[in-house]
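# Overview (structure and organization)
Listed below, chain by chain, are the residues.
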Amino acid sequence: MTDSQRAKCHAIIHTATAAAAAVAGGLAQIPGSDTIPITGAQITMIISLGTVFDISVTEATAKALIAGLGAAAGGRLVSQFLVGWIPGLGNAINASTAVAITETLGWKAADYFEEEAKKQIEA
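The rules we used
- Residues numbered from 1 in each chain as written.
- Predicted model: local features only at pLDDT ≥ 70, side-chain atom pairs only at ≥ 80, totals over all residues.
- Heavy atoms only, no water.
- Helix = DSSP H or I, 4+ residues; strand = E, 2+ residues; numbered from the N terminus.
- Buried < 20%, exposed > 50% of the residue type's maximum accessible area, 1.4 Å probe, protein only.
- Core = buried A, V, L, I, M, F, W, Y, C linked by side-chain atoms within 4.5 Å.
- Contact = heavy atoms within 4.5 Å.
- pLDDT = per-residue confidence, 0-100.
- Salt bridge = Lys/Arg side-chain N within 4 Å of Asp/Glu carboxyl O.
- Polar contact = N/O pair within 3.5 Å; in protein donor to acceptor, adjacent residues only side chain to side chain.

## Things to note about unusual backbone geometry
Phi is positive for Asp54, which is not a glycine, with a value near 55 degrees. Among the secondary structure elements, Asp54 is positioned in the loop between helix 2 (35–52) and helix 3 (59–67). Relative accessible area serves as the criterion here: at 70%, Asp54 is assigned to the exposed category.

Laid out in structure tokens, this is it:
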């Protein structure tokens with residue numbers, strides 16, 4: 001990954017992560033209410049990361065990559081039900097979990113797209 005690509009990925013991933021944290025922290029007391037906006041931010045993030053590597057990514061492909069991290073997202077939902085209702089603590093835990101998942105998903109997607117771009121060059 002070039003320095004330019006890394007910088008672009010960093011900006012895209014951290015923007016999506018900040019959005020996920022804000023939504024998750026703000027909606028912690030309403031279990032499941034943050035799923036759609038966080039997923040939307042993650043889909044946009046993945047599609048944007050694909051463009052960094054000149055790879056066209058459809059919404060369906062982005063959803064498939066997110067589904068690969070489904071167990072972690074399920075864990076976030078469980079933590080939201082267990083402690084999300086506690087004001088302050090629930091908000092912090094929910095936001096932290098959303099950050100970790102979105103950040104991990106973003107860098108895994110960037111690595112995947114980098115490998116795919118290399119394959120296209122070699123072909």
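## Quick notes on the nonpolar core
Grouped burial of nonpolar side chains is what soluble globular proteins tend to show. Cys9, Met45, Ile46, Leu49, Phe53 and Phe113 are the most contacted members of the largest nonpolar core, which totals 19 residues. Elements that contribute at least two residues to this core include exactly helix 1 (3–26), helix 2, helix 3 and helix 5 (89–122). By residue number, the principal contributor to this core is helix 5, which donates six residues. What Phe53 contacts, discounting residues up to four positions off in sequence, is Met1, Gln5, Cys9, Ala110, Phe113, Glu114 and Ala117.

## Examining the confidence of the model for the chain
The predicted model of the chain averages 85 in pLDDT, with 84% of residues at 70 or higher. Looking over the chain, one finds the lowest element-wise mean pLDDT in helix 4 (residues 70–83), namely 61, and the highest in helix 1, namely 95.

## Looking at the pattern of salt bridges
Evaluation of the coordinates by the stated rule reveals four salt bridges. Two residues, Glu59 and Lys63, come together in a salt bridge whose shortest N-O distance is 3.1 Å. One end of the pair, Glu59, and the other, Lys63, are both in helix 3, four residues apart, so they sit about a helical turn from each other. On the accessibility criterion, Glu59 (45% relative accessible area) is partly exposed.

## What to know about the environment of Thr61
Within the secondary structure layout, Thr61 lies in helix 3. Taking relative accessible area as the criterion, Thr61 reaches 36% and is therefore assigned partly exposed. Separated by 14 residues in the primary sequence, Thr61 and Ile47 place their C-alpha atoms 8.7 Å from one another. Within polar-contact distance, the side chain of Thr61 engages the side chain of Thr58 at 3.0 Å.

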